[in-house]
Amino acid sequence: MCIAIPAEVVEIRDGNTGIVDYGDLMQEVRLDLVDVEVGDFVLVHVGFAIQKLSREEGLETREVFRQVYAAMEE
Amino acid sequence: MAVGQDILNTLHALVDRDLCLMHICGTHEASIARAGIRSVLPPHLKIVMGPGCPVCITPQGEIDAALTLVERGYIVATYGDLLRVPGSRGSLESSGGDVRVVQGVHKAVEIARRNPEADVVFVSVGFETTAPTVAATMLSGPPDNFSILSCHRLVPPAMQWLLEQGEAQLHGFVLPGHVCTVTGYEEYERFPVPQVVAGFEPEDILLGLMMIVRQIREGVHRVDNAYPRAVRREGNVKAKRLIYEVFEPFDVEWRGFPVIAKSGLRLRQEFEQYDAQKKYDIAIRHVDKHSACICDRVLRGVAQPQDCRLFGKICTPRTPVGPCMVSHEGACKIRHLYEARRK
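Bear in mind that the values here come from a model prediction, so they are computed numbers and not experimental data.

S.K.: So, helix α2 (residues 26-34) of chain B: which residues are in play, and what are the values?
M.R.: Residue and element names in this part refer to chain B. Here α2 lies mainly inside the structure; 8 of its 9 residues are buried. Of the positions making up α2, those classed as buried are Gly26, Thr27, His28, Glu29, Ala30, Ser31, Ile32 and Ala33. Gly36 sits one or two residues past α2 and shows a positive phi near 65°.

S.K.: Lay out the state of the cysteines with the relevant residues and their values.
M.R.: Residue and element names in this part refer to chain B. Across all of its chains, the model carries 1 disulfide over all chains by this definition. Each sulfur in the disulfide pair Cys53 and Cys56 lies 2.4 Å from the other. Where Cys53 bonds to Cys56 through sulfur, the torsion about that S-S bond is close to 70°, and the disulfide is right-handed. Free cysteine Cys151: the closest other cysteine sulfur is in Cys53, separated by 13 Å. Residue Cys151 is classed as buried on the basis of its relative accessible area, which comes to 2%.

S.K.: Quick rundown of the layout of surface pockets? Include the residues and the values.
M.R.: Residue and element names in this part refer to chain B. Here the second largest pocket is characterised by a volume of approximately 400 Å³. Lining the second largest pocket are 22 residues, with Gln60, Arg255, Val287, Asp288 and Lys289 positioned closest to its centre. Along the lines of polarity and charge, the residues of the lining of the second largest pocket split into 9 nonpolar, 8 polar and 5 charged. Viewed by domain, the lining of the second largest pocket spans two of them, domain 2 (60-155 + 235-279) and domain 3 (295-338), each represented by three or more residues.

S.K.: Any chance you could break down the pattern of salt bridges for me, citing the residues and the numbers?
M.R.: Overall, the coordinates contain 24 salt bridges over all chains when judged by the stated rule. The partner of A:Asp32 in a salt bridge is A:Arg30, and the shortest N-O contact between them spans 2.8 Å. Each member of the pair, A:Asp32 as well as A:Arg30, carries the same accessibility label: buried. A salt bridge links B:Arg233 to B:Glu186, with the shortest nitrogen-to-oxygen separation between them at 3.6 Å. Taken together, the residues B:Arg233 in the loop between β9 (223-225) and α10 (237-246) and B:Glu186 in the loop between α8 (177-183) and β8 (195-198) connect sequence positions 47 residues apart. Connected through salt bridges with shared partners, the residues A:Glu11, A:Arg13 and A:Glu28 form a single ionic network.

S.K.: Can you explain the sheet that holds strand β6 (residues 146-150) of chain B? Please cite residues and give values.
M.R.: Residues and elements named next belong to chain B. One open sheet holds the 4 strands; their spatial order is β4-β3-β5-β6, and the pairing between them is parallel. In this open sheet, the two strands that pair with only one neighbour each are β4 (99-101) and β6. Ignoring which end each strand starts from, the neighbouring axes of this sheet average 25° apart. Where strand β3 (residues 75-78) meets strand β5 (residues 120-124), 3 bridges bridge the pair, whose relative direction is parallel. Bridged to Ile75 within β5 is Val120. Each of β3, β4, β5 and β6 is contacted by helix α4 (residues 60-71), which is oriented at about 155° to β6, the strand it contacts most.

S.K.: Could you give an account of the interface of chain B and chain A, naming the residues involved and the relevant values?
M.R.: Counting residues at the interface gives 33 residues for chain B and 24 residues for chain A. In total, chain B and chain A occlude about 2,500 Å² of area from one another, counting both sides; carbon and sulfur atoms represent 59% of this. Taken together, the links from chain B to chain A amount to 1 salt bridge. Among the ionic pairs, A:Asp35 bridges to B:Lys238, the shortest N-O distance being 3.2 Å. Our count for the chain B to chain A interface comes out at 6 residue pairs in polar contact (both at pLDDT 80 or more). At the level of elements, α5 (105-114), α6 (131-139), α8 and α10 of chain B are the ones that each hand at least two residues to the side of chain B that touches chain A. Of the residues contributing to the side of chain B that touches chain A, the split by class is 14 nonpolar, 14 polar and 5 charged.

S.K.: Tell me about the domain arrangement of chain B, residues and numbers included.
M.R.: Residues and elements named next belong to chain B. Taken domain by domain, chain B comprises domain 1 (2-52 + 166-176 + 187-225), domain 2 (60-155 + 235-279) and domain 3 (295-338). Here the C-alpha centroids of domain 2 and domain 3 sit 25 Å apart. At the junction of the two partners, domain 2 supplies 7 residues and domain 3 supplies 12 residues. Roughly 820 Å² of surface becomes buried between domain 2 and domain 3 when both sides are summed, with 61% attributable to carbon and sulfur atoms. In this structure, the connection of domain 2 to domain 3 is made through 0 salt bridges.

Conventions used here
Sequence order sets the numbering: in each chain, residues are counted from 1 along the sequence as written. Each chain is given a letter, starting from A, and each ligand a number, starting from 1, according to the order in which they appear as written. Since the coordinates come from a predicted model, pLDDT governs what is reported: local features require at least 70, and pairs of side-chain atoms require 80 or more to be given and counted, while whole-chain, interface and lining totals use all residues. The basis for the side-chain values is all heavy atoms of the structure; hydrogens and waters are excluded. Here the term buried applies to any residue with accessible area under 20% of the maximum for its type, exposed to any over 50%, and partly exposed to those in between, with areas from a 1.4 Å probe on protein chains only. Secondary structure elements follow DSSP: runs of H or I of four or more residues count as helices, runs of E of two or more count as strands, with numbering from the N terminus. When the sulfur atoms of two cysteines come within 2.5 Å, that pair is taken as a disulfide. A pocket here means an open set of points on a 1 Å grid, computed over the protein atoms alone, that has protein on both sides within 12 Å along at least five of seven lines. A cavity is instead a set of points where a 1.4 Å probe fits but cannot get out; residues with an atom within 4 Å of a point line either one. Grid points are joined across faces, edges and corners, and a volume is the space filled by probe spheres set on the points. Polarity classes work like this: nonpolar for Ala, Val, Leu, Ile, Met, Phe, Trp, Tyr, Cys and Pro, charged for Asp, Glu, Lys and Arg, and polar for all others, with Gly in that last group. These domain limits were set by an automatic method or by a database of domain assignments. For this document, the term salt bridge refers to a Lys or Arg side-chain nitrogen within 4 Å of an Asp or Glu carboxyl oxygen. Following DSSP output, two strands are said to pair if at least two bridges run between them. Angles here are taken between N-to-C directions and fall from 0 to 180 degrees, while the axes themselves are lines fitted to C-alpha atoms, restricted in helices to the stretch in contact. Any two residues having at least one pair of non-hydrogen atoms within 4.5 Å are treated as being in contact. Summed over both partners, buried area is the accessible surface (1.4 Å probe) that two parts give up on being assembled. Here a polar contact means two N or O atoms within 3.5 Å. Within protein one must be a hydrogen donor candidate and the other an acceptor candidate, and residues neighboring in sequence count only if both atoms are side-chain atoms.

Encoded structure:
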């Protein structure tokens, strides 16, 4: 239930929404709970960004996820 | 796994007595089971899952209330996890009504906007991770035909209950990483027990276990943070503020637990037009269980799924008897998926 995935904010729209990039998937999410700019990394839970991550940490986490998925496919 | 192996070696060197640690998060359980972490831990170190699955701890009376809303012909929207949880008379999935699975509360609001003539109720389960998403939505002015059935719960009051009760004999807690992303861990510092906030990769979890065991060896208790890439001590201040702007804590029952003081969240009076219980005069009743299912004891960390006589026999993911076999975050379903076949 409390799954949250890191993503990069690529566009901010009116009304607290934005487009984020999970790596291979773009999605519209709500940004009500965070103050972010384009290029920031966020953790996304049930369609809402719940916290800002540092860029390095975001990339690192995404790399970990990528490795996990690659390992699962082997 | 090079890093993981180093941590694991340290952990093996540190554990010199029987220790039982509890985590309170279904996502932790899934990660532990998927990576087979229990099989590589020191034999004296036991990890149990506590009440960390919001769907599993939702009492039958609240599922029955959701079923009543369906029976009255309203559109009921919720997370997929809740669909098959048994109430007293079937589940949302078997109800035959207009039940829709949504990604989050904002999608339920979209359904309400697209169907202005219909009543749309969002069955709102979840801990502090999820509550601010609902709070933000309430503050953004949903339409009049929208309301929520609030089944939200707060983690610290349940932890307090477990500590006071002492039934599970716990030496420390692995705190839920994404709950703490929102709340921070300041409020956990009052608990006189070793604790660590952990992330969700196998290495994150091993690191967290090592940090707790270090505290135990040193004879100290504090909250260590093994998930600093997402969690700060103060949490997400804005999200916390929104939760309490919209909700207020109240005393409520958890499945497997008695009523726990100030452990639930209900909408404040200013938002009562969105409170499905008030709007449709729905009472939530306590329901006694009458089956051999031991979900209640599993949720309190005093029994393991395999201790249940129904586990893997009558109760399977296809034919769940209790909620822990339904949710993807339930201890029984996870154990059945990853470990049952290893016997």
